[in-house]
Amino acid sequence: MKKLLIYSCLTLTSLMGYAQLDVDVDAGNTRQEAQTQPVESTNKNKIFNKAKDFVDKKWVKNVDTLYIQNPKQVWRISLDSYLSQSDLQMKSTIDGANFGAEGNVKCQPRIRTDVSTSVGVRVGYKGLAAHYAFNVAGDKGRDFSLSSSGTWYCVHFRLHEFKTKEPQVKLEGNFYPEDGGDPEWESQTHKWILASPIKAKTMVLDGYYIFNKRRFSYKAAYRQSVIQKRSAGSWLAGAMFYYSDFRFDDNTNADMILFMNDVGRIKQWEANVGAGYGYNYVPAKGWLISAMAMPMVTLYNRVKTYNFDSNLRQLAIDEEEHDADELHPEDYRIQAMGTDAHNNRIRLNFNARLSLTYSWNRYFVNLNGQFYNFGYHHKGNSGRLNDWFANAAFGVRL
C-alpha cells in the first residue's frame, strides 16, 4: 500500500510538472504565464490528466507483484506479420427442374480465402493498443484492431476486410444424363471464377472479465504491457458481438445469385455470452505460454438477406424470350427485389486463443492466434463462418 501511495504521488507530481509551461525557468515568470494561459487549454490539460490517471490506476491496481510485474517502460511498439484465413460455407436448396435435374438441388458455395500474409505495426500505451495491417500476399484485404486491458478486464475490437473471386461450389442432386435416360444422383464440386469479387467485412467486439485478477494477466500474454512471472490461471466470463457483410450483388454475378435462391448479399449480427478458463504457464524466466477456451451461447442471431431478380433468372425460370448468345456475363443485369430478415434460435458457439511470449530486457517476441466460429440459418439458406488468424510480433518497450 505504501509503495502504491508513493508511486501515485510521484506520478501526480510528474503530471503536474508537465502540465505547467516550464519548471526550469524563473518561478515568477512561470506563475505569470500560467495565469495568462487560456481557460480552454487548462481544461484540456485537466481532462487529459484525468484520463491518464485512470489508465495508470487500472494498470497497477491490485496485483500480486510475485506473479505480475509492471515494467518501467509504459510505451510499446512492435512490427507484426499476420497469417489469416476466412472460410464461409453457404448452403441453399433450389428447384432442379430448371437446371437439368429432378427434384431439388443442393448448392453449397464455399468462400475460402487463400491464407493471406499481412504486415503491420502495433502501438501501445500501458493497457491500450492500436494495430493496423495490410495484405502483401493472398487475397486483398486489411486488418485493424483496438484494445484496452486492465487487471480485471480486456476489451478488443477487430475489423477484417477481404475480397475473393474464386469460391468453390458443390452441387448435389438427381441430374439427367446428357445422353438421356433416368436421372442419377451426382455430387459435383468445381471452382467458380467470378467476374466481380465477393466483398466481405467482419467485425468482432469481445470482452472478458478476469476473476483471478491479482495473479493472472490476460494482457501479459496478448498485449505484453506487463510480465507474468509465475504460472497462474483464472476463470473468465466473456461477451462477444459479431457483425458480417458478404456481398456479391454485381451484374456479372447474376449466375451465382440465381444459385443462391436470388440472394446477392447477406448481413449477420450475433451477440454471445459465455464462460471459460485461461492459464498462463511460465516454464522459465522470460517465457510465457497462454491458452484460453470459452464455450459461448448465442442469444441474438439476426440475418438479413438482399434479394435480386435478373435477366438470367427470367430466362432460366420465367422462360422469357432472350437471345442466348447475348447473355454473356457482361450482359447480365440484376434488379433489387427487396430484403428479408429473420431471427435465428439460440445456438452454441466457441472462442479459443493461444499465445507464446519471450521477453528480455526491453524487448519481446510474441506468437498468438485466435479462432472464431459463427453460423446462421434463414429459410432455404444457411451457412457458417470459420475465421482464424496467427500473429508473429517483435517489439520493444519505450
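Residues numbered from 1 in each chain as written. Predicted model: local features only at pLDDT ≥ 70, side-chain atom pairs only at ≥ 80, totals over all residues. Heavy atoms only, no water.

1. Re a negative patch on the surface
A cluster of acidic residues, Glu102, Glu178, Asp179, Asp182 and Glu184, forms a negative patch on the protein surface. The topology assignment puts Glu184 in strand β9 (residues 184-191). (Patch = residues over 30% accessible without salt bridge, like charges linked within 9 Å, V, L, I, M, F, W, Y side chains within 5 Å. Areas by Shrake-Rupley, 256 points an atom, 1.4 Å probe, with all protein chains shown as cover. Salt bridge = Lys/Arg side-chain N within 4 Å of Asp/Glu carboxyl O. Lys, Arg positive; Asp, Glu negative; His and termini not counted. Charge placed at Lys NZ, Arg CZ, Asp CG, Glu CD. Helix = DSSP H or I, 4+ residues; strand = E, 2+ residues; numbered from the N terminus.)

2. Concerning the pairing of strand β13 (residues 263-281)
Taken together, the 16 bridges between strand β12 (residues 232-247) and β13 define a ladder with antiparallel strand orientation. If you follow Gly238 over to β13, its bridge partner there is Gly274. Where β13 hands over to strand β14 (residues 287-310), the hairpin turn is made up of five residues, of which Gly286 adopts a positive phi near 90°. (Pairing = 2+ DSSP bridges.)

3. Concerning the pairing of β14
As paired elements, β13 and β14 share 16 bridges and run antiparallel to each other. From the neighbouring strand, Val273 faces β14, where its bridge partner is Val297. Where β14 lies against strand β16 (residues 347-360), 12 bridges are found, and the strand directions are antiparallel. Within β16, the position partnered with Met294 by the bridge is Asn351. Here β14 runs beside strand β15 (residues 334-343); their pairing, made up of eight bridges, is antiparallel. Across the sheet, residue Tyr306 finds its bridge partner in β15, namely Thr339.

4. Re a nonpolar patch on the surface
Together, Trp152, Tyr209, Phe211, Trp235, Tyr277, Tyr279, Tyr281, Trp287, Ile289, Leu356 and Leu367 make up a nonpolar patch on the protein surface, roughly 1100 Å² of accessible area in all. When residues of the nonpolar patch are traced back to their parent elements, those giving at least two are β13 and β14. A per-element tally of the nonpolar patch places β13 first, with three residues. Its location among the elements puts Phe211 in the loop between β10 (198-210) and α4 (218-222). Exposure remark for Phe211: the relative accessible area of 53% places this residue in the exposed category. (Buried < 20%, exposed > 50% of the residue type's maximum accessible area, 1.4 Å probe, protein only.)

5. Focus on the pattern of salt bridges
Scanning all chains against the criterion turns up 11 salt bridges. Between Lys201 and Glu161 there is a salt bridge; the shortest N-O distance is 3.9 Å. Of this pair, Lys201 sits in strand β10 while Glu161 sits in strand β7 (residues 153-164); the two residues are 40 residues apart in sequence, bridging distant segments of the chain. Assessed through its relative accessible area of 32%, Lys201 is described here as partly exposed. When salt bridges with common partners are traced through the structure, they connect Arg142, Glu161 and Lys201 into a single cluster.

6. Concerning the nonpolar core
Met90, Leu171, Tyr218, Phe246, Phe248, Met256 and Phe374 are the most contacted members of the largest nonpolar core, which has 57 residues in total. Among the elements that take part in this core, β14 stands out by supplying seven residues, more than any other. (Core = buried A, V, L, I, M, F, W, Y, C linked by side-chain atoms within 4.5 Å.)

7. Topic: unusual backbone geometry
The phi torsion at Lys126 lies on the positive side, around 50°, for a residue other than glycine. Within the secondary structure layout, Lys126 lies in the loop between β4 (116-125) and β5 (128-137). Among the residues examined, Lys126 registers a relative accessible area of 2% and is labelled buried.

8. Remarks on a positive patch on the surface
A contiguous patch of positive charge on the surface is contributed by Lys140, Lys163, Lys165 and Lys199. Tracing the backbone through its elements, the reader meets Lys140 in the loop between β5 and β6 (141-149).

9. Things to note about the side chain of Gln224
Position of Gln224 among the secondary structure elements: in the loop between α4 and β11 (227-228). Of the residues examined, Gln224 reaches a relative accessible area of 5% and is grouped as buried. Aside from chain neighbours lying at most four places away, what touches Gln224 is Arg76, Lys219, Thr357, Phe364, Asn366 and Arg397. (Contact = heavy atoms within 4.5 Å.)

10. Side note on the environment of Gly338
Structurally, Gly338 is set in strand β15. Exposure remark for Gly338: the relative accessible area of 37% places this residue in the partly exposed category. Linking Gly338 and Asp309, residues 29 residues apart in sequence, is a C-alpha distance of 9.8 Å. Setting aside residues no more than four positions away along its own chain, Gly338 makes contact with Thr305, Tyr306 and Asn307.

11. Observations regarding the packing of aromatic side chains
Counted by the stated rule, this structure contains 15 aromatic pairs. With a centroid separation of 5.7 Å and an interplanar angle of 50°, the aromatic rings of Tyr243 and Trp269 are classed as tilted. Of this pair, Tyr243 sits in strand β12 while Trp269 sits in strand β13; the two residues are 26 residues apart in sequence, bridging distant segments of the chain. The class of Tyr243 is buried, set by a relative accessible area of 12%. Pairwise contacts between aromatic rings join Trp287, Tyr358, Trp360, Tyr363 and Phe394 into one cluster. For Arg265, the ring lying beneath its charged end belongs to Tyr306, and the centroid distance is 5.1 Å. The cationic tip of Arg353 hangs over the ring face of Tyr222; the distance from NZ or CZ to the ring centre is 4.4 Å. (Phe/Tyr/Trp six-rings, centres within 6.5 Å; stacked < 30°, edge-to-face > 60°. Lys NZ or Arg CZ within 6 Å of the ring centre and 35° of its normal.)

12. Details of the confidence of the model for the protein
Confidence along the protein averages 80 in pLDDT terms, with 80% of residues attaining 70 or more. Between residues 1-35, whose pLDDT stays under 50, and residues either more than four places distant or in other chains, the model counts 16 contacts. (pLDDT = per-residue confidence, 0-100.)

13. Section: the environment of Arg214
In this structure, Arg214 sits in the loop between β10 and α4. Given a relative accessible area of 42%, Arg214 falls into the partly exposed group. Along the sequence, Arg214 and Ile68 sit 146 residues apart, while their C-alpha atoms lie 7.9 Å from each other.

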